[in-house]
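Single-letter residue listing:
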Amino acid sequence: MRAAAARAHVRGHRYEQALAQLRTLDTVEAATLIEELAPLVERTRTVSLSFAKGPAPLEVRDPVARERLLVAIRDGIWQGETALRSADSTEIPVSQVVIAHQAPDRSVRFFSTIARDISERKAFEKRIEYLANYDALCGLPNRTLLSDRANQAITYARRKKRHCALLVTNFDRFKRVNESYGHGAGDLVLKEFGARLRAALREGDTVARLPGVFAVLAADLALPEAVHGVARKLMDAATPAFEA
């Protein structure tokens, strides 16, 4: 009867009630039922485990289904990273532990879970990854990302018998801008110029900022002479005056 009730709760997407029924089963019954219900759980893509963080309950976005619960049954514990979603659909990355609480006869009485918010760590990792590939001031690819894309462009050009080109440009007497108007004004000029270059070129081209210069990777050119058109676009982008 309890297994039948758990099945009915899952089919009705009432997972808290299903887990309550699951806690009352012995190890064999629980494992069999979890395996049977896993496809239904996977299709829903969400299982409520009644995590509490303030007034809004959290839900497991990546379902805790057969594999995780069976590991907990076998080893007593499952732990790893997943994502929870609050009632307002905000996704929260967490480090989670699922514990199978056993009776003296080693049957599973119930499952419990602990989830620790790792949003700050994930945001820090994402920021580090960004800074490893992009210039912090202009938001343009840096030398590392430019090198990777250049290798891809060269490989593609060789395979398709096309061409690619790398152009480097910079400001004359840019030091005077910093000396006369301050480094803040100089930073604005650099960001504006980078934005102009991106707007002037094709979507498949890359504008990068290297120490002291801007670099443009023009990929997939039909003829070597096509690079002259790219250079003209760079000059046209730099011609209008920069306004404060």
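As a reminder, the structure under discussion sits directly above these lines.
To continue, consider the overall build of the protein chain. From N to C terminus, the protein chain includes nine helices and eight strands. For the protein chain, the residues scored as buried account for 35% of the 244 residues in total. Across the protein chain, the fraction of contacts at a sequence separation of at least 24, relative to all contacts at a separation of at least 6, is 53%. By element, 53% of the accessible surface of the protein chain is carried by carbon and sulfur atoms, the whole surface being about 15000 Å².

So, on to helix α6 (residues 143-160). Counted at 1.5 Å a residue, the expected span for α6 with its 18 residues is 26 Å, and the 25 Å between its end C-alpha atoms agrees. Along α6, the residues that are buried comprise Leu 145, Leu 146, Ala 150, Ala 153 and Ala 157. The buried residues of α6 occupy an angular sector of 130° when the element is viewed end-on, so they sit on one face. What points out from α6, more than 90 degrees from its buried face, is the exposed set Arg 158 and Arg 159. The inward-facing, buried residues of α6 abut α5 (119-133), β6 (163-169), β7 (206-210) and β8 (213-221).

Now for unusual backbone geometry. One non-glycine residue with positive phi stands out, namely Lys 161, at about 60°. Take Lys 161: its relative accessible area is 73%, and that puts it in the exposed class. Even without being a glycine, Asp 220 presents a positive backbone phi close to 55°. If you trace the backbone, Asp 220 turns up in strand β8. On the basis of relative accessible area, Asp 220 is assigned to the partly exposed category, the value being 30%.

Looking now at the pattern of salt bridges. Overall, the coordinates contain nine salt bridges when judged by the stated rule. For Asp 75, the salt bridge identified is with Arg 74, shortest N-O distance 2.9 Å. Assessed through its relative accessible area of 46%, Asp 75 is described here as partly exposed. Glu 125 is the salt-bridge partner of Arg 121, the closest N and O atoms lying 3.3 Å from each other. On the criterion of helical spacing, the pair formed by Arg 121 and Glu 125 is a turn pair, its members being four residues apart in helix α5. Look at Arg 121 and you get partly exposed, because its relative accessible area is 34%. Because the salt bridges share partners, they merge into one network encompassing Glu 81, Arg 121, Lys 122 and Glu 125.

The rules behind these values
Residues numbered from 1 in each chain as written. Predicted model: local features only at pLDDT ≥ 70, side-chain atom pairs only at ≥ 80, totals over all residues. Heavy atoms only, no water. Helix = DSSP H or I, 4+ residues; strand = E, 2+ residues; numbered from the N terminus. Buried < 20%, exposed > 50% of the residue type's maximum accessible area, 1.4 Å probe, protein only. Contact = heavy atoms within 4.5 Å. Areas by Shrake-Rupley, 256 points an atom, 1.4 Å probe, with all protein chains shown as cover. Expected span 1.5 Å × (residues − 1). Arc of directions from axis to C-beta. Salt bridge = Lys/Arg side-chain N within 4 Å of Asp/Glu carboxyl O.

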